[in-house]
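This is what each chain is made of:
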Amino acid sequence: MPAGEGPGSETLILKKPGPATQGEGPAGAAAARNEAGHNAPDDADPHPNAQTSPGPAAPTRETSAGSDDAARPPADPPAGGAGTAGRGPVPPSGGGDRPAQGPAEAGRGSRDASGRPRADARTDVGAGPGRPPQRRPEPGGGLLMGRPFGVPVYVAPSWFLVAALITWVFGGQLERVLPELGAARYLVSLFFAVAFYASVLVHELAHTVAALRFKLPVRRIQLQFFGGVSEIEKEAETPGREFVLAFVGPLLSLVLAGVFYAALLPVEPDSVPGVLLAGLMVSNLLVAAFNLLPGLPLDGGRMLRAVVWKITGRPMHGTVAAAWVGRALAIAVLIGLPLLTRSLGSGAADDVGMDTVLDALLAAILAAIIWTGAGNSLRMARLREHLPELRARALTRRAVPVPADTPLSEALRRANASGARALVVVDGEGRPVSLVREAAIVGVPQHRRPWVQVSTLAQDLTDGMRLSAELSGEELLDALRADPATEYLVVEETGEIYGVLSAADVERAFVKAMARPS
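Quick summary incoming for the structure in this document. As the structure is a computational prediction, the values presented were derived from the model and not from experiment. (Residues numbered from 1 in each chain as written. Predicted model: local features only at pLDDT ≥ 70, side-chain atom pairs only at ≥ 80, totals over all residues. Heavy atoms only, no water.)

1. Focus: the overall build of the chain
(1) Moving on: Counting its secondary structure elements, the chain contains 12 helices and 11 strands.
(2) Moving on: Each of the 518 residues in the chain was classed as buried or not, and the buried ones make up 53%. (Helix = DSSP H or I, 4+ residues; strand = E, 2+ residues; numbered from the N terminus. Buried < 20%, exposed > 50% of the residue type's maximum accessible area, 1.4 Å probe, protein only.)

2. With respect to unusual backbone geometry
(1) Moving on: For the bond running from L296 to P297, omega is 10°, close enough to zero to count as cis.
(2) Moving on: For P297, the position within the fold is in the loop between α4 (272-291) and α5 (299-312).
(3) Moving on: Non-glycine residue F149 carries a positive phi angle of around 60°.
(4) Moving on: Residue classification places F149 among the exposed positions, given a relative accessible area of 56%.

3. A look at the sheet that holds strand β4 (residues 227-232)
Across a sheet, paired strands are connected by hydrogen bonds in the backbone, their directions being either parallel or antiparallel.
(1) Moving on: The strand order across the open sheet formed by four strands is β1-β2-β3-β4, and the pairing between neighbours is mixed. The open sheet terminates on both sides in strands that have one partner only, identified here as β1 (143-146) and β4. When the angles between neighbouring strand axes are averaged without regard to direction, this sheet yields 25°.
(2) Moving on: Two strands pair when backbone bridges link them, and β1 and strand β2 (residues 153-155) are joined in this way by three bridges, in the antiparallel orientation. (Pairing = 2+ DSSP bridges. Axes fitted to C-alpha atoms, helices over the stretch in contact; angles between N-to-C directions.)

4. Regarding a nonpolar patch on the surface
(1) Moving on: A contiguous nonpolar patch, built from F243, V244, F247, L251, L254, V255, V259, L285, L292, V307 and I311 and spanning about 860 Å² of accessible area, is present on the exposed surface.
(2) Moving on: For the nonpolar patch, the secondary-structure elements that each account for two or more residues are α3 (239-264) and α5.
(3) Moving on: No other element matches α3, which puts seven residues into the nonpolar patch.
(4) Moving on: Relative to the helices and strands, L292 is located in the loop between α4 and α5.
(5) Moving on: Take L292: its relative accessible area is 33%, and that puts it in the partly exposed class. (Patch = residues over 30% accessible without salt bridge, like charges linked within 9 Å, V, L, I, M, F, W, Y side chains within 5 Å. Areas by Shrake-Rupley, 256 points an atom, 1.4 Å probe, with all protein chains shown as cover. Salt bridge = Lys/Arg side-chain N within 4 Å of Asp/Glu carboxyl O.)

5. Quick look at the sheet that holds strand β11 (residues 497-502)
(1) Moving on: Spatially, three strands are ordered β9-β10-β11 in an open sheet, and the strand pairing comes out mixed. This sheet does not close on itself; its edge strands, each paired only once, are β9 (466-468) and β11. The sheet shows a mean angle of 35° between the axes of neighbouring strands, taken without regard to direction.

6. A look at the pattern of salt bridges
Between side chains of opposite charge, a pair can form as their charged atoms come close.
(1) Moving on: Enumeration according to the criterion identifies 15 salt bridges in this entry.
(2) Moving on: Residue R219 is joined to E231 by a salt bridge in which the shortest nitrogen-to-oxygen separation is 2.9 Å. Within this pair, whereas R219 is found in strand β3 (residues 218-224), its partner E231 is found in strand β4, the two being separated by 12 residues in sequence. Neither R219 nor E231 differs from the other in exposure class; each is buried.
(3) Moving on: In this structure, R302 engages E242 in a salt bridge whose closest nitrogen and oxygen atoms are separated by 3.9 Å. You can see R302 sitting in helix α5 and its partner E242 sitting in helix α3, a full 60 residues away along the chain. In this pair, the class of R302 matches that of E242, namely buried.

7. A closer look at the environment of L334
(1) Moving on: Tracing the chain through its elements places L334 in helix α6 (residues 315-344).
(2) Moving on: Overall, the relative accessible area of 44% leaves L334 in the partly exposed class.
(3) Moving on: Separated by 30 residues in sequence, L334 and A364 have C-alpha atoms that sit 5.5 Å apart.
(4) Moving on: Setting aside anything within four residues of it in sequence, one finds L334 in contact with A363, A364 and A367. (Contact = heavy atoms within 4.5 Å.)

8. What about the packing of α5 against α6?
(1) Moving on: Here α5 crosses α6 at 145°, and the two axes come no closer than 7 Å. Considering only the axes of α5 and α6, their crossing is right-handed. Across the interface between the two elements, G301, L304, R305, V308, W309 and T312 of α5 pack against P315, H317, G318, T319, A321, A322 and V325 of α6.
(2) Moving on: For the contact of α5 with α6, the residue count by class is seven nonpolar, five polar and one charged. (Left-handed = near helix turned anticlockwise from the far one by under 90°. Nonpolar A, V, L, I, M, F, W, Y, C, P; charged D, E, K, R; others polar.)

9. Points about the pairing of β3
(1) Moving on: For β3, the buried fraction is high: seven of the seven residues fall into the buried class.
(2) Moving on: Direction of pairing for β2 relative to β3: parallel, over a ladder of three bridges. Bridging from a neighbouring strand, V153 pairs with I221 of β3.
(3) Moving on: Judged from the six bridges that link them, β3 and β4 form a sheet pairing that is antiparallel. Bridging across to β4, Q222 finds its partner in V229.

10. Quick word on helix α1 (residues 157-177)
(1) Moving on: In a regular helix each residue adds 1.5 Å, so 21 residues correspond to 30 Å; α1 covers 31 Å between its end C-alpha atoms and thus fits that length.
(2) Moving on: When we look at burial in α1, the residues that qualify are W159, V162, A163, I166, T167, F170, G171 and L174. (Expected span 1.5 Å × (residues − 1).)

11. Quick word on the side chain of T396
(1) Moving on: Structurally, the position occupied by T396 is in the loop between α8 (392-395) and β5 (400-403).
(2) Moving on: Exposure remark for T396: the relative accessible area of 0% places this residue in the buried category.
(3) Moving on: Of note is the side chain of T396, whose polar atom sits 2.4 Å from the backbone oxygen of A392. (Polar contact = N/O pair within 3.5 Å; in protein donor to acceptor, adjacent residues only side chain to side chain.)

12. Description of the nonpolar core
(1) Moving on: By size, the foremost hydrophobic cluster in this structure holds 32 residues, and its most contacted members are V424, L467, L476 and L501.
(2) Moving on: Residue contacts for L476: discarding those within four places in its chain leaves L390, R391, A392, L467, L471 and L501.
(3) Moving on: Within the second largest apolar cluster, 26 residues are counted, among which are A163, I166, L174 and V188. (Core = buried A, V, L, I, M, F, W, Y, C linked by side-chain atoms within 4.5 Å.)

13. Quick word on the pairing of β5
Consecutive residues of a regular strand have side chains that alternate between opposite faces of the sheet.
(1) Moving on: Here β5 pairs with strand β6 (residues 423-426) via four bridges, running parallel. Paired with P401 across the bridge in β6 is V424.
(2) Moving on: The parallel pair β5 and β6 is bridged by helix α9 (residues 408-418), and the resulting crossover is right-handed. (Right-handed = clockwise from strand over helix to strand, strands pointing away.)

14. As for the environment of L205
(1) Moving on: With respect to the secondary-structure elements, L205 resides in helix α2 (residues 185-213).
(2) Moving on: Classification of L205 as buried rests on a relative accessible area of 17%.
(3) Moving on: When the C-alpha positions of L205 and F149 are compared, they lie 8.9 Å apart, and in sequence the two are 56 residues distant.

Right, dumping it as structure tokens:
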């Protein structure tokens, strides 16, 4: 619904852009591989995968008209846009020219509206005069241990907690098996904890190598409390690849168990090497068996998803089936694991109480991981369904270009006359150099605006803040994640300014799309 005209010649009108052809772009899905016990839900970047909003009405591409070098808004702009609904002008207090703010803009820092410049204002996508391309920031996540295959491996702080726990528990077992070790048993136990997580790392590297083989980017590997996580940023293109990608992890764990078993044969069982090799063999068998359970977010759940995907031809159906099986598994683990360990246990009577509490606590943590991972998988599936609705062209706001020395009051008058919702500062040749921050405009008193130049309120453009109007879906989200900012300059393939894209508009559009039933 178009914004009404506010009184005063300097009111910045925050109008919804008019209709236009919506740019089609490749739409995909960003998904982080999350596995309980070793692939936990992505914390990212929602992710997930990890990994992130529908479309306000699209602005029309218009030629320059009028005396203010700005494109005129269409006569009948459409209603219902997610990014601009309800964003009308705010009448100035006492004849002022205060711009309106959307619901997501207050407290979010600078905010720019987008619009159309004169025909000679041009820029190149990703090109900034004298500025080198920006590199994607490191994902972080703990202590960096290395970069096998170019993928950073991090050890989360929680790993040190579980390493200490394993050292304590395994040390107690060694006291019964090898009492002659004395206090040295804790050094042996610490070595076991490190070796076990090295096996988990091999498991994760199997997923990583398979993903890289299928040309799927891997953000990082993280070793944490209950194992590891391989954060794969895109979904496999076919159910066959999805199956292989999930199966290689448990397969490598089974191979490691076989290797430790073969190494155990010539070793004395009641020796330190024998106990270590037996423990590593059993732990890798447990990791493989646990992750082959057919429920998301486990590897077995992804294998089940791939099978249902292959049968039905719909990846969403596979996700729903595997996710609900995962939730059933969570309940089974919560109830069944304590009962199983109690029936198989043979501890002393005075140890039964403590063992029962520990078993129940472990079961609750594992069940929570599985349940949460299954829910995250469902949400990520809905995300992938709605990704095609995110189009830079549809979400972009109209803007008006102004020279750097233009008084703020004059710039607002031009924006008001053209129906624009942002100000783009251009140089003498019409090339955009910065975006005027809406929050900065709000902070300037009305009586000072004729003496404040727009350049003093502008944020310099970086290469990552220049986006193509044809971006959509996964490509659009990748561009926003690669260079986080509050606003981006959107340009045509010819280099002409199309407008300004607000990250808040993308967020609102996605939230609205996710609220609709799949």
